[in-house]
Amino acid sequence: MENTKYSINPDVSCRVEEPDGAILFNPETDTVQAVNPTGLIIWQALESPRTKQELVEHLQAVCEDVPADQ
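Sequence order sets the numbering: in each chain, residues are counted from 1 along the sequence as written. Given that the model is predicted, a residue must reach a pLDDT of at least 70 before its local features are reported, and side-chain atom pairs must reach 80 or more before they are shown or counted; all residues, however, enter totals for whole chains, interfaces and linings. Based on all heavy atoms of the structure, the side-chain values leave hydrogens and waters out of the count.

Peer 1: Would you mind going over the overall build of the chain with me for this structure?
Peer 2: On a plain count of helices and strands, the chain comes out with two helices and three strands. Where helices and strands are cited, they refer to DSSP runs of H or I of at least four residues and of E of at least two residues respectively, numbered from the N terminus. Along the chain, helices (α) and strands (β) appear in the sequence β-β-β-α-α when read from the amino end. Taking the principal axes of the C-alpha coordinates as reference, the chain spans close to 35 × 30 × 15 Å. For every residue, the accessible area obtained with a 1.4 Å probe (protein chains only) is divided by the maximum for its type, and the residue is called buried under 20%, exposed over 50%, and partly exposed between those limits. The buried share among the 70 residues of the chain stands at 21%. Contacts: residue pairs with any heavy atoms within 4.5 Å of one another. Contacts in the chain between residues far apart in sequence, at least 24 positions, make up 32% of those at least 6 positions apart. Calculation of accessible area relied on Shrake-Rupley with a 1.4 Å probe; when residues are assessed, cover is drawn exclusively from the protein chains displayed. Taken as a whole, the chain presents about 5300 Å² of accessible surface, with 49% of it coming from carbon and sulfur. Of the charged side chains in the chain, 4 are positive and 13 negative, and the gap between their average positions amounts to 5 Å. For the purpose of counting charges, residues Lys and Arg are taken to be positive, whereas Asp and Glu are taken to be negative. His and the chain ends are not included. One atom stands in for each charge, and that atom is NZ of Lys, CZ of Arg, CG of Asp or CD of Glu.

What follows is the structure, encoded as structure tokens:
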């Protein structure tokens, strides 16, 4: 499972709502999900497939005081 790569669903649209995060819309399920600024960072990072460890490293690089275990 360590090598599993995660990525966004290309069918889901993302509308950035500064400074609050973003709204995600999935037309397949007709669902809407609001994400906070950290969720938006994760969404944008997953535009390229990443492992969990790669995602943690990305968050630590772009955010302040991110402990790896959280």
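Peer 1: Is there a simple way to explain helix α1 (residues 37-45) in this structure?
Peer 2: Residues separated by three or four positions in an α-helix point in the same direction, a consequence of the helix having 3.6 residues per turn. All of the buried residues along α1 are Gly-39, Leu-40, Trp-43 and Ala-45. Along its buried surface, α1 packs onto β1 (13-17), β2 (21-26), β3 (31-35) and α2 (52-62). Of the residues flanking the start of α1, the one acting as N-cap is Asn-36, its side-chain oxygen 3.1 Å from the backbone nitrogen of Thr-38. For the purposes of these results, a polar contact is taken to be a pair of N or O atoms within 3.5 Å, where, inside protein, one atom must be able to donate a hydrogen and its partner to accept one; residues adjacent in sequence count only when each atom of the pair is a side-chain atom.

Peer 1: In this structure, what is going on with the pattern of salt bridges? I would like to understand it.
Peer 2: A side chain with one charge can pair with a side chain of the opposite charge if their charged atoms come near. One speaks of a salt bridge when a side-chain nitrogen belonging to Lys or Arg is within 4 Å of a carboxyl oxygen belonging to Asp or Glu. Under the criterion given, the structure shown has two salt bridges. Of the charged contacts, one joins Glu-54 and Lys-5 as a salt bridge, the two residues approaching to 3.6 Å between their closest N and O atoms. With Glu-54 in helix α2 and Lys-5 in the segment before β1, this pair connects stretches of sequence that are 49 residues apart. Looking at Lys-5, the relative accessible area reads 47%, which means it is partly exposed.

Peer 1: Help me understand the nonpolar core, please; the structure alone is not making it clear to me.
Peer 2: Across soluble globular proteins, nonpolar side chains show a tendency to be buried alongside one another. Here the nonpolar core consists of buried residues drawn from Ala, Val, Leu, Ile, Met, Phe, Trp, Tyr and Cys, with membership extended through side-chain atoms lying within 4.5 Å. Counting residues in hydrophobic clusters, the biggest one holds six residues: Val-12, Ala-22, Leu-24, Val-35, Leu-40 and Trp-43. Among the elements of the structure, β2 and α1 are those that each provide at least two residues to this core.

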